[in-house]
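Report on the structure
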Amino acid sequence: MVTLEDVARQAGVSLATASRVLNGSTRQVGAALRARVEQAADELGYRANIAAQTLARGAGNVIGIVVHDLTDPYFAALADGAMRAAATEGLLVVVGTTHRDPEQEIAYVATLNAQRVRAVLLVGSRVADPAVTGRLRDELARYRSGGGRAACVGQDLLGVDTVAPANREGAAELARALAGLGHTRFAVLAGPPHLVTAADRCAGFAGALEELGLPAPHVIHGPFDRDGGYAAAQQVGEDTTCVFAVNDVMAVGALAAYRERGIRVPEDVSVAGFDDIVTLRDHVPALTTVRLPLKAMGARALELALGEEEAVVVEQVAGEVVLRESVRRLM
């Protein structure tokens, strides 16, 4: 591996000078010396250390990403997209997880503000609590008033650039597709009622069924995770022909519950989710879902956070229904 010392020796300069040129120090280096160092780095194939650049430049080269739960593949995919985009810009990323605690999210923004990071990216649903959302919005406003940049993936409620998944519309499209297969008796594993993403997906699905003149679904609330889907599936009535879980990890919990009880999917009951998490595409039976381009959404949110537009940008991302083997046709 080529080191910074190798580059300094090749260029005939001190280690400090090579570091200032290649690690982004704000201290000026003469044009002739800079050219020698850069030529030596090119000849040797030296790659700058991003962490070292960050130490040289300060926190202005750092991006903060705050997510609800890194163990959830949905958030991992979004964060991965943002982090890959950051790497192409030579930026260092710090990641914080809130474990779905909105107070922790506010605290992270305040801490990142104190550290003077270049931009903050918030990934995750808002909660149906105007007071909490207002406090987070105020904290972001304080950060931005000092020159910070911010963006979010979720609902357009924070006054910052936003990549907003079309949750209601995607769930409604899924309901229409499932009804088109002959299903009329549905249950919704709806997640927590205070979580806006879960509530929007449930409302979109139920609204489409109502428009089709079909019976209202049996709505079962619970945690927005695998165990929540597992527990909620136990409460689904025997007359239900199709279960919609408002995210894929809840759907996986439901599949596990049915497997343990000897209920066959899709022969006895069909199951659908939402998000199209990559790690679940090899699940058997393959899960019917609504596909969101998660990595692209994370990358786009970071791009907005780094942009110079003064007006707030809100971009809605449509989902795509993907019918797979976990759902069967009844007609």
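Attention in this report is confined to the structure presented alongside it.

When you go through the chain residue by residue, the secondary structure sums to twelve helices and twelve strands. Expressed as lengths along the three principal axes of its C-alpha atoms, the size of the chain is roughly 80 × 45 × 30 Å. Expressed as a percentage of its 331 residues, the buried residues of the chain come to 52%. Here the chain displays about 15100 Å² of accessible surface, and carbon together with sulfur accounts for 52% of that area.

In this section: the nonpolar core. Membership of the largest hydrophobic core comes to 87 residues, with the highest contact counts inside it found for Leu122, Leu189, Phe205 and Tyr258. The greatest single-element share of this core, amounting to eight residues, is contributed by helix H5 (residues 73-88). Contact partners of phenylalanine 205, with chain neighbours within four places excluded, come to Ala171, Ala172, Leu174, Ala175, Leu178, Phe186, Val188 and Phe244. Val7, Ala8, Ala18 and Ala40 belong to the second largest nonpolar core, which has 13 residues in total.

Note on placement: valine 243 falls in strand E8 (residues 242-245). Once the C-alpha coordinates of valine 243 and valine 219 are considered, the two residues, 24 residues apart in sequence, prove to be 9.9 Å apart.

Turning next to the pairing of strand E5 (residues 161-165). For E5, the tally of buried residues reaches five of five residues, placing the bulk of the element in the interior. Alternating residues of E5 divide into Asp161, Val163 and Pro165 and Thr162 and Ala164, and every residue in both groups is buried. Note: strand E4 (residues 149-153) against E5, three bridges, orientation parallel. Bridge pairing in E5 links valine 153 to valine 163. Of the strand pairs in this sheet, E5 and strand E11 (residues 314-317) are connected by four bridges, and their pairing is parallel. Paired with alanine 164 across the strands is glutamine 316, a residue of E11.

Before going further, it helps to examine the sheet that holds E8. Pairing is parallel in the open sheet, where four strands are placed in the order E7-E6-E8-E9. The open sheet is flanked by strand E7 (218-221) and strand E9 (270-272), the only strands paired with a single partner. Taking each pair of neighbouring strands and ignoring which way they run, the sheet shows an average axis angle of 20°. Here strand E6 (residues 186-191) pairs with E8 via four bridges, running parallel. The residue bridging phenylalanine 186 from the neighbouring strand is cysteine 242, located in E8.

So, about the pairing of strand E3 (residues 119-123). Of all five residues in E3, five are buried, a share of seventy percent or more. Of the two faces of E3, both are covered, the one formed by Ala119, Leu121 and Val123 as well as the one formed by Val120 and Leu122. Sheet topology places strand E1 (residues 62-67) next to E3; five bridges connect them, and they run parallel. By the bridge assignment, valine 66 is partnered in E3 with leucine 122. Considered for its hand, the β-α-β crossover made up of E3, helix H7 (residues 130-145) and E4 is right-handed.

Turning our eyes to something else, we now look at unusual backbone geometry. For the peptide bond that leads from valine 265 to proline 266, omega is 10°, which places it in the cis range. Looking at the element boundaries, proline 266 is found in the loop between helix H11 (248-260) and E9. Although it is not a glycine, histidine 99 adopts a positive phi angle of roughly 55°. Turning to its location among the elements, histidine 99 is positioned in the loop between strand E2 (92-97) and helix H6 (102-114). Given a relative accessible area of 60%, histidine 99 falls into the exposed group. Even without being a glycine, arginine 100 presents a positive backbone phi close to 65°. Within the secondary structure layout, arginine 100 lies in the loop between E2 and H6.

In this model H11 runs 19 Å from its N-terminal to its C-terminal C-alpha over 13 residues, within 8% of the 18 Å that 1.5 Å per residue would give. Within H11, ten of the 13 residues are buried, leaving the element largely enclosed by the surrounding structure. Residues of H11 that are buried include every one of Asp248, Val249, Met250, Ala251, Gly253, Ala254, Leu255, Ala256, Ala257 and Tyr258, and no others. Directly after H11, the chain includes glycine 262, whose backbone phi takes a positive value near 75°.

What follows deals with helix H1 (residues 4-11). Within the sequence span of H1, burial applies to Leu4, Val7, Ala8 and Ala11. For H1, the arc enclosing every buried residue in end-on projection is 100°, short of the 170-degree limit, so these residues lie on one face. Phi turns positive one or two residues past the end of H1, at glycine 12, with a value near 70°.

Per the counting criterion, the structure on display carries 19 salt bridges. The salt bridge involving arginine 84 is made with aspartate 80; its shortest N-O contact spans 2.9 Å. In this pair, arginine 84 and aspartate 80 both sit in helix H5, four residues apart, roughly one turn of the helix. The class for arginine 84 is exposed, based on a relative accessible area of 54%.

What counts and what doesn't
Residues numbered from 1 in each chain as written. Predicted model: local features only at pLDDT ≥ 70, side-chain atom pairs only at ≥ 80, totals over all residues. Heavy atoms only, no water. Helix = DSSP H or I, 4+ residues; strand = E, 2+ residues; numbered from the N terminus. Buried < 20%, exposed > 50% of the residue type's maximum accessible area, 1.4 Å probe, protein only. Areas by Shrake-Rupley, 256 points an atom, 1.4 Å probe, with all protein chains shown as cover. Core = buried A, V, L, I, M, F, W, Y, C linked by side-chain atoms within 4.5 Å. Contact = heavy atoms within 4.5 Å. Pairing = 2+ DSSP bridges. Axes fitted to C-alpha atoms, helices over the stretch in contact; angles between N-to-C directions. Right-handed = clockwise from strand over helix to strand, strands pointing away. Expected span 1.5 Å × (residues − 1). Arc of directions from axis to C-beta. Salt bridge = Lys/Arg side-chain N within 4 Å of Asp/Glu carboxyl O.

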